[in-house]
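Here is how the chains run, residue by residue.
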Amino acid sequence: MKNTFKTILTLGLILISLITMNAQKQKTEHTALIIIDVQNDYFPGGKMILEKAVQAAENIRSILDYFRKNNFPVIHIRHISTNDGATFFLPDTDGAKINDLVLPMEDEKVIVKHFPNSFRDTDLLNYLQSKNIKNLVITGMMTDVCVESTTRAAFDFGFINTVIGDAIATRDRELNGEVIKAADVQKSFLAGISALGNLYASVINTNEFLQ
């Protein structure tokens, strides 16, 4: 009787393990992690400091570690400013370097862009298609500029998007003399892209993704 119970318990644990592994596989099958513009100018001491940039980057790092551990594709996006009057992410500056928290490994794809939309004038779309990627996990900075434009463009190209809501960051904005707090900007962005049944993207937090 005792041996029978142990056998049933063992089989049950194996079944649970298989179900969990299958769920994890489905979550990340044909999926790539996109890390947008996590560069030094957005951090304390930089030229365009964002609110909670460090916290967002730490969450991105947790997700990055998960993708690396499971050998899933990772794409780093790095913005270099070439427009007249640009004040940050200037070529050949420390501020334009990717932050150490999410520093790319040698075998990870790095794409340089010059516009908010990570697809514009880059090989991002071709690269994703070459890897048969259909789902994107999107993180990075700034929430309402490069993250938003990339997410909406990805939807137009047919990708299924997940934005990690606590792995993005922005700063206070001003509209007609009124200061809009970064937290409110963030909430509005997340509400907008997930409206109409997660039209542009579903939104979850880091812990939910890693479960």
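Residues numbered from 1 in each chain as written. Predicted model: local features only at pLDDT ≥ 70, side-chain atom pairs only at ≥ 80, totals over all residues. Heavy atoms only, no water.

S.K.: For this particular structure, what's the right way to read the environment of D184?
M.R.: Tracing the backbone shows D184 in helix 5 (residues 182–193). The class for D184 is partly exposed, based on a relative accessible area of 40%. In this structure, the C-alpha to C-alpha distance between D184 and R173, residues 11 residues apart in sequence, is 9.6 Å. (Helix = DSSP H or I, 4+ residues; strand = E, 2+ residues; numbered from the N terminus. Buried < 20%, exposed > 50% of the residue type's maximum accessible area, 1.4 Å probe, protein only.)

S.K.: Teacher, can you tell me more about the environment of Y42 here?
M.R.: In this structure, Y42 sits in the loop between strand 1 (31–36) and helix 2 (53–69). Y42 gets classed as buried once you look at its relative accessible area, which sits at 1%. Once residues lying within four places of it in the same chain are set aside, the contact partners of Y42 are D37, M48, I49, L50, A53, F88, F89, M141 and M142. (Contact = heavy atoms within 4.5 Å.)

S.K.: Any chance you could explain the sheet that holds strand 2 (residues 74–79) here in plain terms?
M.R.: If you walk across this open sheet you meet the six strands as 3-2-1-4-5-8, and the pairing is parallel. Edge positions in the open sheet fall to strand 3 (109–113) and strand 8 (202–204), since each of these has one partner strand only. Adjacent strand axes in the sheet meet at a mean angle of 25° when their direction is disregarded. Examined bridge by bridge, strand 4 (residues 135–141) and strand 5 (residues 160–169) share six bridges and lie parallel to one another. Each residue of the ladder has a partner; that of L136, found in strand 5, is N161. (Pairing = 2+ DSSP bridges. Axes fitted to C-alpha atoms, helices over the stretch in contact; angles between N-to-C directions.)

S.K.: What am I meant to see in the nonpolar core here?
M.R.: In a soluble, globular protein the nonpolar side chains are often hidden away together inside. The biggest cluster of nonpolar side chains holds 27 residues, and the ones touching the most others in it are L33, I35, V38, Y42, F67 and M141. Those elements that provide at least two residues to this core are strand 1, helix 2, strand 4 and strand 5. Judged by nonpolar contacts, the second largest core, of 25 residues, contains L136, V147, L190 and I193. (Core = buried A, V, L, I, M, F, W, Y, C linked by side-chain atoms within 4.5 Å.)

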